[in-house]
Amino acid sequence: MSSLRQQISSGNDYWGLMVGSQVSDLSDISSFLTPTVEEILAYGHQADDFILQCSFNQVACTSADFHVIPNRKHGLCYTFNHGIGEDLINTTQYGAQSGLKLTLNPDRDQYIGLFSQEVGVRVLIHKPLASPFPEELGQVATPQRATSFSIKQQVIKKLPTPYGDCIENPPATYSLLNCTKECLYDMISERCGCEDRLVTSDWNKTCSFIDDTQYLCVRSIYKQYYASNISCEQCKQPCHDVNYATEASSSEWPSRQYWTALQLVQAMGNASANNSATSWLTNGTYKDNGLVRVFVYFQELNYEYIEENPGYPFERLMSDIGGTMGLYVGISFCTFFEVVELAISVLFAMFKRMATPKQEKKTKIRPMTP
């Protein structure tokens, strides 16, 4: 990595990034990308260009129903049913015919070659208000395929002190990963004097890979972090958490017959078919549209509840101690009375023997007659 830095003359020297890479897949240059929030909002894939079709439980939705979140690695991320400033959407439907259905345009022609090695969309199912980390936990939906994500809710309840070590009643936005990331960024800010998190343009303390001191400091902390040598004691599992187990499957999309039918319906002037998604699909061959079809739905309406219980609770301990003490006390009293009874019997026998007079034994001898 130091050899790569020696090839770079400034933060905008992308030619130096390409020629100075030390690995064949150019993966060592991703850490040098440090955009600001304003740059991502301005140059990221906008919602109206990205979300071409949207429906939830067979009711139309639009890009306005999504909350935008800047992401350092993936640009603009869009969250449906985010719960920020509006009521959450509930559903009583399950199965593949319900749920959220999207047609997305990753616009692969606009990708930046150095930093965009993959084509597709990252999908992450998480609880409302939580900070998403698609680069860590997301699943990939590829172009020209329909990818289904069937989900099942998991409610996890852990035991606090003294049985476990978890955080009771954390904020709704809390997650262990988010806390750990913030702990890492705070450590970099404190030790290196710069910020490695996503910041606004008016914040002039962003860590620079051109500055030797900052670069070596940041890399040292990341090395310790990935080796699990950095402890963030304040970051613990929440005592009550909600997760979503996800199963993904995909198929080729669109089919030749569907693509042909769309062309026919559009030619007939159907208003519902004259939208941006249909235009993308019918522009060119059916195998060269580059769109992504995504389905997200519940497998079933019940959920899995995982609860920790004490293996040996205090009440049971007290009960067992009382039972054991009762057993020992009962045995002790029984043994005591048996000893007393034996002593009384022995004394009674002795007094009886002493009170009885002794009788002399006489032996009579008779003469023998002839």
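So, here's what we can say about the structure. Since the structure is predicted, the reported quantities are computational estimates derived from the model, not experimental observations.

### Things to note about the side chain of His 82
Phase 1 of the analysis: By the element assignment, His 82 lies in the loop between strand S4 (75–80) and strand S5 (100–104).
Phase 2 of the analysis: Residue classification places His 82 among the buried positions, given a relative accessible area of 7%.
Phase 3 of the analysis: Within polar-contact distance, the side chain of His 82 engages the backbone nitrogen of Ile 84 at 2.9 Å.
Phase 4 of the analysis: What His 82 contacts, discounting residues up to four positions off in sequence, is Asp 65, Phe 66, His 67, Leu 88, Pro 128 and Leu 129.

### Points about the nonpolar core
Phase 1 of the analysis: In terms of nonpolar packing, the biggest core is built from 24 residues, with Ile 51, Leu 100, Leu 102, Leu 104 and Val 294 touching the most fellow members.
Phase 2 of the analysis: Put simply, the parts of the chain that give this core at least two residues each are helix H4 (47–50), strand S1 (51–56), S4, S5, strand S6 (121–123), strand S8 (145–157), strand S9 (240–252) and strand S10 (292–298).
Phase 3 of the analysis: Setting aside its immediate chain neighbours within four residues, Leu 104 contacts Phe 50, Ile 51, Val 121, Leu 291, Val 292 and Val 294.
Phase 4 of the analysis: The next biggest cluster of nonpolar side chains, apart from the first, holds 17 residues, and it includes Cys 207, Tyr 222, Ile 230 and Cys 232.

### Overview of the pairing of S10
Phase 1 of the analysis: Burial runs high along S10: 6 of the 7 residues are buried.
Phase 2 of the analysis: The sheet contact formed by S5 and S10 spans 5 bridges and is antiparallel. Paired with Leu 100 across the bridge in S10 is Val 296.
Phase 3 of the analysis: Both S8 and S10 contribute to a ladder of 7 bridges, which runs parallel. When the bridges of S10 are listed, Phe 149 appears paired with Val 296.

### Observations concerning the packing of helix H6 (residues 176–192) against helix H7 (residues 212–226)
Phase 1 of the analysis: Orientation of H6 relative to H7, taken along the N-to-C sense of each, is 145 degrees, at an axis distance of 10 Å. The two elements H6 and H7 meet at a crossing, and its hand is right-handed. Along its contact with H6, which presents Thr 180, Leu 184, Tyr 185, Met 187, Ile 188, Arg 191 and Cys 192, the element H7 presents Gln 214, Cys 217, Val 218, Ile 221, Tyr 222, Gln 224 and Tyr 225.
Phase 2 of the analysis: Residues that form the contact of H6 with H7 fall into these classes: 10 nonpolar, 3 polar and 1 charged.

### A short note on the packing of aromatic side chains
Phase 1 of the analysis: In the structure shown here, the tally under the stated rule is 5 aromatic pairs.
Phase 2 of the analysis: Here Phe 50 and Tyr 78 contribute two aromatic rings whose centre-to-centre distance is 5.8 Å and whose plane-to-plane angle is 25 degrees, an arrangement assigned as stacked. In this pair, Phe 50 sits in helix H4 while Tyr 78 sits in strand S4, placing the two residues 28 residues apart along the sequence.
Phase 3 of the analysis: Tyr 78 sits in the buried class, given a relative accessible area of 18%.
Phase 4 of the analysis: Consider the rings of Tyr 222 and Tyr 226, whose centres lie 6.1 Å apart with planes at 25 degrees: the pair is stacked. Of this pair, Tyr 222 and Tyr 226 both sit in helix H7, 4 residues apart, which is roughly one turn of that helix.
Phase 5 of the analysis: Of the residues examined, Tyr 222 reaches a relative accessible area of 12% and is grouped as buried.
Phase 6 of the analysis: Given the relative accessible area of 60%, Tyr 226 is considered exposed.

### Topic: H7
Phase 1 of the analysis: With 15 residues, H7 should reach 21 Å at 1.5 Å per residue; the first-to-last C-alpha distance of 21 Å fits that figure.
Phase 2 of the analysis: Taken together, the buried positions of H7 are Gln 214, Tyr 215, Val 218, Ile 221, Tyr 222 and Tyr 225. Buried residues of H7, viewed axially, fall in a sector of 135 degrees; they line one side. When the buried face of H7 is taken as reference, the exposed residues oriented beyond 90 degrees from it are Thr 213, Leu 216 and Lys 223.
Phase 3 of the analysis: Ser 228, located one to two residues past H7, shows a positive phi value of around 60 degrees.

### Some words on the pairing of S1
Phase 1 of the analysis: Across the 6 residues that make up S1, a large majority, 5, are buried.
Phase 2 of the analysis: Here S1 pairs with S5 via 5 bridges, running antiparallel. Paired with Ile 51 across the bridge in S5 is Leu 104.
Phase 3 of the analysis: In the sheet, S1 pairs with strand S2 (residues 59–60) via 2 bridges, with the strands oriented antiparallel. Bridge assignment links Ser 55 to a residue of S2, and that residue is Ala 60.
Phase 4 of the analysis: The turn linking S1 back onto S2 is made up of 2 residues, and Asn 57 within it adopts a positive phi angle of 55 degrees.

Quick notes on the rules
Residues numbered from 1 in each chain as written. Predicted model: local features only at pLDDT ≥ 70, side-chain atom pairs only at ≥ 80, totals over all residues. Heavy atoms only, no water. Helix = DSSP H or I, 4+ residues; strand = E, 2+ residues; numbered from the N terminus. Buried < 20%, exposed > 50% of the residue type's maximum accessible area, 1.4 Å probe, protein only. Polar contact = N/O pair within 3.5 Å; in protein donor to acceptor, adjacent residues only side chain to side chain. Contact = heavy atoms within 4.5 Å. Core = buried A, V, L, I, M, F, W, Y, C linked by side-chain atoms within 4.5 Å. Pairing = 2+ DSSP bridges. Axes fitted to C-alpha atoms, helices over the stretch in contact; angles between N-to-C directions. Left-handed = near helix turned anticlockwise from the far one by under 90°. Nonpolar A, V, L, I, M, F, W, Y, C, P; charged D, E, K, R; others polar. Phe/Tyr/Trp six-rings, centres within 6.5 Å; stacked < 30°, edge-to-face > 60°. Expected span 1.5 Å × (residues − 1). Arc of directions from axis to C-beta.

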